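# Working through the structure, step by step
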Amino acid sequence: MIAADFLVFSTILSAAWCNVMKIYAPKTLNATSGSCLLIPCRFEISTEKEKYLDLSPEVTWRRGTLWSLYDTEAFTNAHREKEPLIKVVGDLRKKNCTSVMMNLTSQHSDRYFFRFSSEGFSVTETTAVQIGVSDSLAAPYVIVPGLREGEVGNLTCTVPAPCPSNSPNVTWDPAFGGNITQWTQLNADGTQNVSAILNFVPSFHHHELKVNCVSIHLLDRQDKPLLSHKTIILNVEYPPKETQISVTGSVWLGNNVTLTCQSNANPPAVHRWFMKKHGIVEEVGALRVLSFTATHNNSGEYICEAQNLHGAGNSTILQITVPGISFTAFLAVLALFSLLLFALPIVLIYRRCKKPHRSETNQDQDIYANVSKATKPHQLQSNTYETKETCTVNPESTFKKNLSYEDIYANC
């Protein structure tokens, strides 16, 4: 019964308020501890009450947690100290009730009710504005469009600016050699945002790089500024680049050979293979990998083409020549050739060692025979002209002494 009566009373009070005054303000506002908060506000007042706008009007914002204590003897200075310092910056005579709360802390988070008072007239709004005060900053809001190589791209970073006297400084890091433009935007509900736009021309080198939106918030009190940031990874689309072919397996008759086409592209490229032989070019594959068992028909010039929606790129020519023999047969021939090269010196050395040698005795006998032949003319001469004693010569002792023919004759 009590709840029903309160609901009826609130409905009547709200209807009466709407007939007298109507306020326009955001339903929810957020601020940072140590900073200030702008409350955009305007109102409409009935014609019969407009006269009170010229009678020293005042606007206050009452806390919901202290609602039952206002206008009573229980409301003390201790309660008043729990209220934030508020300054009305709007012109009330022009029905502008915009206010600024200063030196906020997280303890000031509450529902706040608008109250208008003048000489002989006061009224309080029954619909509250929810205000939240945080010790930390929310992450910036980032908009990243589709990026293509060679085309100008704009990255936008936006943060709220609840305190007009200390607007945040927003920037991008790194800037990739581009230009950064910062501007303040007024929203429809009277709140403000600060945005930073990075304007640059992306290339494939920027793909998957990290870029940070950084927001620096100055505070009313003498604390260090608060920082907030958001990191994004760039997705830059570009045509295939650095297209090349890698070969797996030895190119021999009968061997399994695999050709792999590699390219750098975003989005990933599709691949086609072409072979040129005897001046004729034909397509031989439509996958990234081309495999075959090597035959003479596989000899030719191979080219891989990589293509995506942004363009195409070709590899350099790969010449493949399949030998006339298999690798196993080649090893057998190589082994036989190596064996012949190793055996030939051995045979030559063996034959040289088998050749006969003349003995020292035979050499002495040959020399003695030559000496005997040389002495015959002297013997003939001695028989003709005069008679001498016969000289006996021992060949072995004579030639061991290395005597000449004259010495032999002198000894006779």
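Coordinates for the structure precede this section.
Residues numbered from 1 in each chain as written. Predicted model: local features only at pLDDT ≥ 70, side-chain atom pairs only at ≥ 80, totals over all residues. Heavy atoms only, no water.

## Description of the pairing of strand E17 (residues 210-217)
Of the two faces of E17, only one is covered, namely that formed by Val211, Cys213, Ser215 and His217; the face formed by Lys210, Asn212, Val214 and Ile216 stays uncovered. Across 5 bridges, the pairing between strand E14 (residues 169-173) and E17 is antiparallel. Pairing of Val170 across the sheet is with Ser215, part of E17. The pairing of E17 with strand E18 (residues 226-233) spans 8 bridges and is classified as antiparallel. Paired with His217 across the two strands is Leu226, which belongs to E18. (Buried < 20%, exposed > 50% of the residue type's maximum accessible area, 1.4 Å probe, protein only. Helix = DSSP H or I, 4+ residues; strand = E, 2+ residues; numbered from the N terminus. Pairing = 2+ DSSP bridges.)

## Regarding the side chain of Glu125
Mapped onto the fold, Glu125 is located in the loop between strand E9 (121-124) and strand E10 (129-134). Lys22 provides the closest opposite charge to the buried, unpaired Glu125, separated from it by 9.0 Å. A polar contact of 3.1 Å, which involves the side chain of Glu125, links it to the backbone nitrogen of Thr127. (Lys, Arg positive; Asp, Glu negative; His and termini not counted. Salt bridge = Lys/Arg side-chain N within 4 Å of Asp/Glu carboxyl O. Polar contact = N/O pair within 3.5 Å; in protein donor to acceptor, adjacent residues only side chain to side chain.)

## Remarks on the sheet that holds E14
Strand order in this open sheet of 3 strands is E14-E17-E18, and the pairing throughout is antiparallel. Looking at which strands have only one partner, the edges of the open sheet turn out to be E14 and E18. Here the strands of the sheet are splayed against their neighbours by 15° on average, with no regard to which way each runs. (Axes fitted to C-alpha atoms, helices over the stretch in contact; angles between N-to-C directions.)

## Looking at the packing of aromatic side chains
Counted according to the given criterion, the structure contains 10 aromatic pairs. Here Phe43 and Phe116 contribute two aromatic rings whose centre-to-centre distance is 5.8 Å and whose plane-to-plane angle is 50°, an arrangement assigned as tilted. Of this pair, Phe43 sits in strand E4 (residues 42-45) while Phe116 sits in strand E8 (residues 110-118), placing them 73 residues apart in sequence. Phe116 carries the same exposure label as Phe43, and that label is buried. Consider the rings of Phe116 and Phe121, whose centres lie 6.1 Å apart with planes at 55°: the pair is tilted. Taking relative accessible area as the criterion, Phe121 reaches 12% and is therefore assigned buried. Chaining the aromatic ring pairs together yields one cluster made of Phe43, Tyr52, Trp61, Phe114, Phe116 and Phe121. In this structure, Arg42 is placed above the aromatic ring of Tyr24, and the distance from its NZ or CZ to the ring centre is 4.2 Å. (Phe/Tyr/Trp six-rings, centres within 6.5 Å; stacked < 30°, edge-to-face > 60°. Lys NZ or Arg CZ within 6 Å of the ring centre and 35° of its normal.)

## A look at the state of the cysteines
Counting across every chain of the model gives 4 disulfides. Cys157 shares a disulfide with Cys213; S-S distance 1.5 Å. Since a negative S-S torsion denotes a left-handed disulfide, the Cys157-Cys213 link at about -65° is left-handed. Of this pair, Cys157 sits in strand E13 (residues 153-160) while Cys213 sits in strand E17, placing them 56 residues apart in sequence. Summarising the burial analysis for this pair, Cys157 and Cys213 share the class buried. Sulfur-sulfur distance for the disulfide between Cys261 and Cys304 comes to 1.8 Å. Handedness here is read from the sign of the S-S torsion; for Cys261 and Cys304, about -90°, the answer is left-handed. In this pair, Cys261 is assigned in strand E20 (residues 256-266) and Cys304 in strand E24 (residues 300-308), connecting sequence segments 43 residues apart. On the basis of relative accessibility, which here comes to 0%, the residue Cys304 falls in the buried class. (Disulfide = S-S within 2.5 Å.)

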